[in-house]
Amino acid sequence: MTVVGWLEILIVLAAVVAAAVPLGAYIKAVLGGERTVLSPVLAPVERVFYGLSGVDPKREQSWATYAMAVLAFSAVGFFTLYGLERLQNVLPLNPQGFDPVAPDLSFNTAISFITNTNWQNYSGETTMSHLTQMLGLTTHNVLSAATGLAMAFALVRAFARSASTTVGNFWVDITRITLYVLLPLAIVVALALVVLGVPQTLQGSLDVTTLEGAKQTIALGPIASQEAIKEVGTNGGGFMNANAAHPFENPGAISNLLEIWALLVVPVATVLAFGRSVGDFRQGRAILTAMALLFVAGVAVAYAAESFGNPMLGAMGVAGGNMEGKEVRFGLPMSVLYAVATTGTSTGSVNAMLDSFTPLGGLVPMFNLLAGCIWPGGVGAGLYGFLVVAIIAVFVAGLMVGRTPEYLGKKIEAREMKLAMLAALIYPVVVLGFSAASVLLRTALASLNNNGPHGLSEILYAYASTNANNGSAFAGLNGDTPWFNTTLGLAMLFGRFAFVIPVLALAGSLGAKKKAPASVGTFPTDGPLFVGLLIGVVAILYLLQYFPALALGPVVEHLLMLAGKTF
């Protein structure tokens, strides 16, 4: 680790916070139906959409109706994207003449993009037509992110309102988020990426002669537009197989900084928007502080591990930390920050191969996934995931002091705790269940690139990534098999919908409660004590339940590495 490396990291994080403060106020205004700086241009467009779809923006929905709208919207998205993949050979904008995508891969990919996971068991530049990339994948990069933010604000309204039977209108929320937040940001970032050298064209591959005289085919396409929304929407699905390690997706140091900034800014701003929406900015600041401490701790551990490197290489005189699988254009600090940021959110984009990280360096992004990518989290998903932790935390605090737990004036009773724990238990059941099944099946084990604890880490990481709707991979696992395409697809479905349905039910339950004013006996949820309690609950809730699996994977691998054995 170096002082210069930490300065690079802190400059990027400071830029994120500086932009997130005004953006948080803007998001709060958009979701609250207030007039914004873009209203003169976009309000007429918004009204046209409502008129064409028959939506009354003043008519709100109960939590159950809101949830049904989310499920119906996602189902339509799945079938249309699946059909687009299966028929791309007879549809236009297929300059390379790609064949239809295989049924099991189409199933996996369609689920992946409608759940904001963007897990890719294929090489984008050799599998998907331009039409599939733009109309299918890029479109769902926008809509799946908008769905996440909409669901988060359904829960936020439950805390902000008193004795309300509604949580908003899904169709209004997703329209406003798309028009006012995601598209403007994505357009600005895409234009910046084009200026920095990222291609944006409908042209197909180019056959060129290299300096050595060899022939090479270079894939081109609408890369900048997908790159922009994959970061802004915390999606992560790259146009290229190498993702943000490819020079066409990430040409240099400035584009790398921009992409890290872009994938963090909306999740951070959403947390601050939460504080403003409930009428107490300190509440959002407390949540963000807990997220930031967990995030920075992860960066510190991963940076230290990668700087220390492999002692076996050090014994042979190879110095400079672990540069295996990393771009020399970015170096250790920006590779580590990108890895922690992309797994602390649900982005899943990578600029270095996580399979090549040291055991402890790889443990950090893996733990981020196992916890659900909630510091600062995906667009919307991070906020509602961390609010579940906050509800559990105030319940624990209430038990310790002998008072009825409450959060932001809403009493947390048996129904709320059952829903919160139901959501929290989805992740370990899915991840550990599918991982256990995979290590017992020869067909699954045949997909591994490594044996021993590293092989276990590859399987565990795959299910943690898909269940957390992240989409990054250790890159040592061949996931394009019927077993993994099917089970990873199911993990994505459970990770998205089996989690958010209890969250929306929680919103309905809390919204119906009257908001009680704070009293001298109210546990403060805006100060250091609550921040510490949140971090403690995260450790108990996530670290302890996954500790046996982590001990058999990266922890054992680290100890064996120190003893001179690798996998």
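In case you missed it, the structure is sitting above this.
Below is a short write-up of the structure.

### Digging into the side chain of Asn94
Position of Asn94 relative to the elements: it lies in the loop between α3 (63-86) and α4 (103-114). Polar contacts involving the side chain of Asn94 include one to the main-chain amide nitrogen of Phe98, which spans 3.0 Å. Setting aside its immediate chain neighbours within four residues, Asn94 contacts Gln88, Asn89 and Ser129.

### Quick word on the pairing of strand β1 (residues 206-209)
Inspection of the sheet shows β1 paired to strand β2 (residues 215-218) by 4 bridges, in the antiparallel sense. Note that in β2 the partner of Val208 across the bridge is Gln216. Hairpin remark: β1 followed by β2, antiparallel, with 5 residues in the connecting loop; positive phi at Gly213, about 90 degrees.

### Examining a nonpolar patch on the surface
On the surface, a nonpolar cluster with roughly 320 Å² of combined accessible area is contributed by Val3, Leu7 and Ile11. As for its position among the elements, Leu7 is in helix α1 (residues 3-31). Classification of Leu7 by relative accessible area gives partly exposed; the value is 47%.

### Describing the nonpolar core
Ile287, Trp375 and Tyr407 are the most contacted members of the largest nonpolar core, which totals 171 residues. The contacts of Tyr407, once residues within four sequence positions are left out, are Phe159, Phe274, Gln283, Ile287, Leu387, Ala390, Val394, Ile412, Thr525 and Phe530.

### With respect to the packing of α1 against helix α9 (residues 253-277)
Following both chains from N to C, one finds α1 and α9 inclined at 45 degrees, their axes separated by 6 Å at the closest point. What the angle tells us is that α1 and α9 run oblique. At the point where α1 passes α9, the crossing takes the right-handed sense. Within the contact of α1 with α9, the residues separate by chemical class into 20 nonpolar, 3 polar and 2 charged.

### Some points on the packing of aromatic side chains
This structure, assessed with the given rule, holds 17 aromatic pairs. With centroids separated by 5.7 Å and ring planes inclined at 80 degrees, the aromatic side chains of Tyr66 and Phe170 adopt a geometry described as edge-to-face. In this pair, Tyr66 is assigned in helix α3 and Phe170 in helix α7 (residues 170-195), connecting sequence segments 104 residues apart. We classify Tyr66 as buried; its relative accessible area is 0%. The class for Phe170 is buried, based on a relative accessible area of 0%. On the basis of an interplanar angle of 40 degrees and a centroid distance of 6.1 Å, the ring pair of Tyr463 and Phe484 is categorised as tilted. With Tyr463 in helix α17 (residues 452-467) and Phe484 in helix α18 (residues 482-511), the pair connects residues that are 21 residues apart, well separated along the chain. Taking relative accessible area as the criterion, Phe484 reaches 0% and is therefore assigned buried. In textbook terms, an aromatic cluster arises when at least three aromatic residues are bridged by ring pairs, as seen for Tyr66, Phe73, Phe170 and Trp171.

### A few points about the packing of helix α14 (residues 381-401) against helix α15 (residues 414-440)
Where α14 contacts α15, the two axes come as close as 10 Å, and the packing angle between them is 130 degrees. Viewed along their axes, α14 and α15 adopt a mutual orientation that is oblique. Once α14 is placed against α15, the crossing between them reads as left-handed. Along the contact surface, α14 presents Val388, Ile391, Ile392 and Phe395, while α15 presents Met417, Ala420, Met421 and Ala424. The class makeup of the residues in the contact of α14 with α15 is 8 nonpolar, no polar and no charged.

### A short note on the pattern of salt bridges
Summed over the entire model, instances satisfying the criterion amount to 12 salt bridges. Put simply, Arg282 and Asp526 hold a salt bridge, and the shortest N to O gap is 3.4 Å. Note that Arg282 is positioned in helix α10 (residues 281-308) and Asp526 in the loop between α18 and α19 (528-562), a separation of 244 residues in sequence. We classify Arg282 as partly exposed; its relative accessible area is 42%. Between Lys513 and Glu416 there is a salt bridge whose closest N-O contact spans 3.6 Å. Of this pair, Lys513 sits in the loop between α18 and α19 while Glu416 sits in helix α15, and the two are 97 residues apart along the sequence.

### Side note on helix α2 (residues 39-53)
For α2, which comprises 15 residues, the first-to-last C-alpha distance of 20 Å matches the rise-based estimate of 21 Å (1.5 Å per residue) to within 8%. Among the residues of α2, those classed as buried are Ser39, Leu42, Ala43, Glu46 and Tyr50. Along the long axis of α2, the arc covered by the buried residues comes to 110 degrees, so they all point the same way. For α2, the exposed residues set more than 90 degrees away from the buried face come down to Val41, Gly51 and Leu52. Next to the buried residues of α2 lie α7. One or two steps after α2, the chain reaches Gly54, where phi turns positive at roughly 75 degrees.

### What to know about α1
Compared with an ideal rise of 1.5 Å per residue, which puts 29 residues at 42 Å, α1 spans 41 Å between its outermost C-alpha atoms and is within 8% of the ideal. The sharpest bend along α1 measures roughly 30 degrees and falls at Ala20, with the proline Pro22 sitting one to four residues further on. A positive phi of about 75 degrees marks Gly33, the residue just after α1.

### Examining unusual backbone geometry
Omega for the peptide link from Trp375 to Pro376 comes to -5 degrees, which places this bond in the cis form. In this fold, Pro376 is placed in the loop between α13 (359-370) and α14. One non-glycine residue, Ala163, adopts positive backbone phi at about 50 degrees. Assignment of secondary structure puts Ala163 in the loop between α6 (130-160) and α7. Note on Ala163: relative accessible area 43%, which makes it partly exposed. The backbone of Asn469 sits at a positive phi, close to 55 degrees, despite the residue not being glycine. Following the sequence through the fold, Asn469 ends up in the loop between α17 and α18.

Conventions used here
- Residues numbered from 1 in each chain as written.
- Predicted model: local features only at pLDDT ≥ 70, side-chain atom pairs only at ≥ 80, totals over all residues.
- Heavy atoms only, no water.
- Helix = DSSP H or I, 4+ residues; strand = E, 2+ residues; numbered from the N terminus.
- Polar contact = N/O pair within 3.5 Å; in protein donor to acceptor, adjacent residues only side chain to side chain.
- Contact = heavy atoms within 4.5 Å.
- Pairing = 2+ DSSP bridges.
- Patch = residues over 30% accessible without salt bridge, like charges linked within 9 Å, V, L, I, M, F, W, Y side chains within 5 Å.
- Areas by Shrake-Rupley, 256 points an atom, 1.4 Å probe, with all protein chains shown as cover.
- Salt bridge = Lys/Arg side-chain N within 4 Å of Asp/Glu carboxyl O.
- Buried < 20%, exposed > 50% of the residue type's maximum accessible area, 1.4 Å probe, protein only.
- Core = buried A, V, L, I, M, F, W, Y, C linked by side-chain atoms within 4.5 Å.
- Axes fitted to C-alpha atoms, helices over the stretch in contact; angles between N-to-C directions.
- Parallel < 35°, antiparallel > 145°, perpendicular 65-115°, else oblique.
- Left-handed = near helix turned anticlockwise from the far one by under 90°.
- Nonpolar A, V, L, I, M, F, W, Y, C, P; charged D, E, K, R; others polar.
- Phe/Tyr/Trp six-rings, centres within 6.5 Å; stacked < 30°, edge-to-face > 60°.
- Expected span 1.5 Å × (residues − 1).
- Arc of directions from axis to C-beta.
- Bend = angle between axes of the 7 residues up to and from the residue.

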